[in-house]
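What the coordinates show
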Amino acid sequence: MYITEVKNGNKYEIEIIPVDPTDLKSITKEKYFFNWKLEKDYYLYKLLIKGHSEILGLVSFEINPDEWRIHIRLLSVSTQNKGKGKHYERIVGNLLTFISKMAIKEFAELACVSLKPKGVIAQHYIDEYGMNITGSTLSLELVEILDIIQRYDI
Amino acid sequence: MKTSKTAEKITYPEYGVDSRYKSIDKKLSDGENLMEARLKRLRGLSRKQIIKAKLLQLKLKMEDYVKQPVYEEYNFFTSFLSDYIDTIYEKRVMFAKDINITPVSLSQILNNHREPKEEFMFRLMLHSELTFKSICEFQKRTWYQVYYHEKICDTMANQNEWKPTEKKNVKIKNAVLK
């Protein structure tokens, strides 16, 4: 899995690994939009370029085995990777792919990844990742999961 | 009026998502609605899609297994192998036929009564290559990695059983170490 540097198109291999409790000090709301310290009791992972320590993206989630589902609680890129001036592309796609692979590993064809974005953000996720809409919940299910894995897990 | 901060968030929606629930009731009702919709969509899955999902699951589990030491009294290699065969064949004998071995030898391997021979591993790797070709990248060596990883873990976990006997047979008296 890789991300692309916007200014020159260079690709960098990434890794997504658990957040270490010592990381939490540097994961501030200013840099990562949310108060991630509240997520320390949930699954919490960070995206890095392999061999580097700078956190480019974060995701927290809960696994609900009774519903064969992983629900994403928070997901964000770092402030430097948001908007027009962002340094890297594909951070969110890679985080969603990582969760999707985990869902497949746990639940095979029953796998589901859900999230609940609001307004324009929801539409973006529907357009970009083909998410299903159920009320205000968006989900990636088998068809979309296979698709996102094919797009990003390379 | 929207603040510039909010406007920017909306213009660039990929900055992040907050999907946390404030109410348990809402969380449960959303879960129920989603499940109802998913069950309908699940009914529309083709057999091919289901097989793809199971094979992908198997690959991910195998890759995970070889990443860390697992000290369990469990036959991982044959368990993964059984899952592989049962996912893509209705009868195990058909797999034996496809890789040109006897059903008896396959059964002995699957029941841990015999170690797989090198030819078996070669054919299994070639078979997997064909199977996974249209699904996802599958490293042929994964089967070997699983097999040897299990051997290493078992050996290290059972040191108390083999070490006292074997220790008597080992010395470095004749080595050129001094």
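Scroll up to find the structure.
Below, the structure is looked at part by part.

Here is what the cut-offs are and how they apply
- Residues numbered from 1 in each chain as written.
- Chains lettered and ligands numbered in written order.
- Predicted model: local features only at pLDDT ≥ 70, side-chain atom pairs only at ≥ 80, totals over all residues.
- Heavy atoms only, no water.
- Contact = heavy atoms within 4.5 Å.
- Buried area = accessible area lost by both parts, 1.4 Å probe.
- Salt bridge = Lys/Arg side-chain N within 4 Å of Asp/Glu carboxyl O.
- Polar contact = N/O pair within 3.5 Å; in protein donor to acceptor, adjacent residues only side chain to side chain.
- Helix = DSSP H or I, 4+ residues; strand = E, 2+ residues; numbered from the N terminus.
- Nonpolar A, V, L, I, M, F, W, Y, C, P; charged D, E, K, R; others polar.
- Pairing = 2+ DSSP bridges.
- Buried < 20%, exposed > 50% of the residue type's maximum accessible area, 1.4 Å probe, protein only.
- Arc of directions from axis to C-beta.

1. A closer look at the interface of chain B and chain A
Chain B puts 36 residues into the contact, and the matching count from chain A is 51 residues. Both faces combined, the contact of chain B with chain A buries some 3900 Å², and carbon together with sulfur accounts for 61% of it. Remark: the boundary between chain B and chain A carries six salt bridges. Close ionic contact of B:D64 with A:K105 constitutes a salt bridge, the shortest N to O distance being 2.6 Å. Applying the counting criterion to the chain B and chain A interface returns 16 residue pairs in polar contact (both at pLDDT 80 or more). Every element with two or more residues in the side of chain B that touches chain A is listed here: helix 1 (4–11), strand 1 (16–18), helix 2 (24–43) and helix 3 (47–65) of chain B. The element that contributes the greatest number of residues to the side of chain B that touches chain A is helix 2 of chain B, accounting for twelve residues. By residue class, the composition of the side of chain B that touches chain A is 16 nonpolar, six polar and 14 charged. Across three bridges, the pairing between strand 5 (residues 69–77) of chain A and strand 1 of chain B is antiparallel. Residue A:S76 lies in a different strand from strand 1 of chain B, and its bridge partner there is B:G16.

2. Let's talk about helix 6 (residues 103–110) of chain B
Residue and element names in this part refer to chain B. S105, L106, I109 and L110 are the residues of helix 6 that are buried. One side of helix 6 carries all its buried residues, which in axial view fall inside an arc of 135°. In this structure, the buried residues of helix 6 make contact with helix 4 (76–88), helix 5 (92–98) and helix 7 (118–132). One or two positions beyond helix 6, positive phi appears at N112, with a value near 60°.

3. Focus: the pattern of salt bridges
In this structure the tally under the stated criterion is 22 salt bridges over all chains. Its salt-bridge partner being B:R20, residue A:E39 comes within 3.2 Å of it at the nearest N-O pair. Within this pair, whereas A:E39 is found in the loop between helix 1 (29–32) and strand 3 (43–49), its partner B:R20 is found in the loop between strand 1 and helix 2, the two belonging to separate chains. B:D64 is the partner of B:K67 in a salt bridge, and the nearest nitrogen-oxygen pair spans 4.0 Å. Of the residues examined, B:K67 reaches a relative accessible area of 65% and is grouped as exposed. Overall, the relative accessible area of 28% leaves B:D64 in the partly exposed class. Each member of the salt-bridge network shares a partner with another, and the members are A:E39, A:E62, A:R73, B:D18, B:R20 and B:K27.

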